Each structure stands twice: as C-alpha cells, then as structure tokens.
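Now for the letters of each chain:
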Amino acid sequence: MDAVPGTEFGLVQLKVTPITSGPAVGSMIAGIASILVSTLVLCFGVAGSSEGWGGWVGGAFALLAVLVGGGAVGVGLAARRQIQRSGRTGKVRFTGKNVAVAGIWCGGAGLGIAVLTLLLVVVLQSS
C-alpha cells in the first residue's frame, strides 16, 4: 500500500496475473489430434487399398481429421484475437499467442496431410 502524500489515505494497486488462453491450448491439442488422425488415414488407407476397403475407412478418418483440423485453425484464430484484445484497463490479460499459432499450424498441417493422403489412397485403390 502506497500512502497518498498530504492525506490519511492509501493507494492499493492489485496485480492480476496473466492467464494462459484456454482456446489457445484447445487449438493446439486439436491440431495435434488432427495430425495423429491424419496418420490413421495413411495407415488404414494403404493397408486396405488392395482389398477395397481402404478408401472408405481412410475417407472416414480423413473427414474427422479435416473437421478437427479446421476447428483447430478457427479456434486458434479466435484465441489470437482474444489475446490481442486483452490487457486493457480493468480486463484480464491473456497469454499464449505462440500456443495459438502452433495450434493454427498443426491444424492446417493435419488438414493438408489428411487430404493429400486420401488422394494417395484413392489413386492406390483405383489402380
């Protein structure tokens, strides 16, 4: 507490510690999950391409990877916006900008890997 000179009053300044953004962490987790699911597209797609079921199973996992990867990108962009707008007077300051960027990149990578792998599986199965 700091004393105000010339008065009997004091000034108290509360320090609010910054908080890691929840959407940023969620975006990173979803992005990593998208990459892991996109590897399942490759595994099941190549394993079943000679028997005819690889494209169907790979397509199902590709759809899941695309949805999760797109969600990771969307939530990561929202988290970056939340972090940029925080910290103004009277508001909580959020941190985790790099975590949000990692979620955006991982989500985009998982989305791209799933689509490219599905195209590979369809070419393998059709030949």
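It should be noted that the structure appears before, not after, this text.
Sequence positions are assigned chain by chain, starting from 1 and proceeding in written order. Only residues with pLDDT of at least 70 get local features here, since the model is predicted, and only at 80 or more are side-chain atom pairs given and counted; chain-wide, interface and lining totals rely on the full set of residues. Values reported for side chains reflect all heavy atoms of the structure, with hydrogen atoms and water molecules removed beforehand.

**Q** I'd like a description of the side chain of Thr 117, backed by residues and values.
**A** Relative to the helices and strands, Thr 117 is located in helix α3 (residues 97-126). Any two residues whose heavy atoms approach within 4.5 Å are treated as being in contact. Excluding anything up to four places from it in sequence, Thr 117 contacts Val 41 and Leu 42. By definition, any uninterrupted DSSP run of H or I lasting at least four residues is a helix, any uninterrupted run of E lasting at least two residues is a strand, and each is numbered from the N terminus.

**Q** Give me the lowdown on helix α1 (residues 22-47), citing residues and values where you can.
**A** Multiplying 1.5 Å by the residue count of a helix minus one yields the expected span of that helix. Given a rise of 1.5 Å per residue, 26 residues ought to cover 38 Å, and the 38 Å separating the end C-alpha atoms of α1 matches this to within 8%. The elements touched by buried residues of α1 are α2 (54-85) and α3.

**Q** So what's going on with the packing of α1 against α2? Which residues, and what values?
**A** Each axis is a line fitted through C-alpha atoms, taken for helices only over the stretch in contact, and angles between the N-to-C directions span 0 to 180 degrees. In the contact formed by α1 and α2, the axes pass within 8 Å of each other and the chain directions differ by 165°. By the angle class used here, α1 and α2 are roughly antiparallel. Seen along the crossing, α1 lies across α2 with a hand that is left-handed. Every angle not falling under 35 degrees, over 145, or within 65 to 115 is termed oblique; those three ranges are roughly parallel, roughly antiparallel and roughly perpendicular. We call a crossing left-handed when the near helix sits turned anticlockwise from the far one by less than a right angle, and right-handed when that turn is clockwise.

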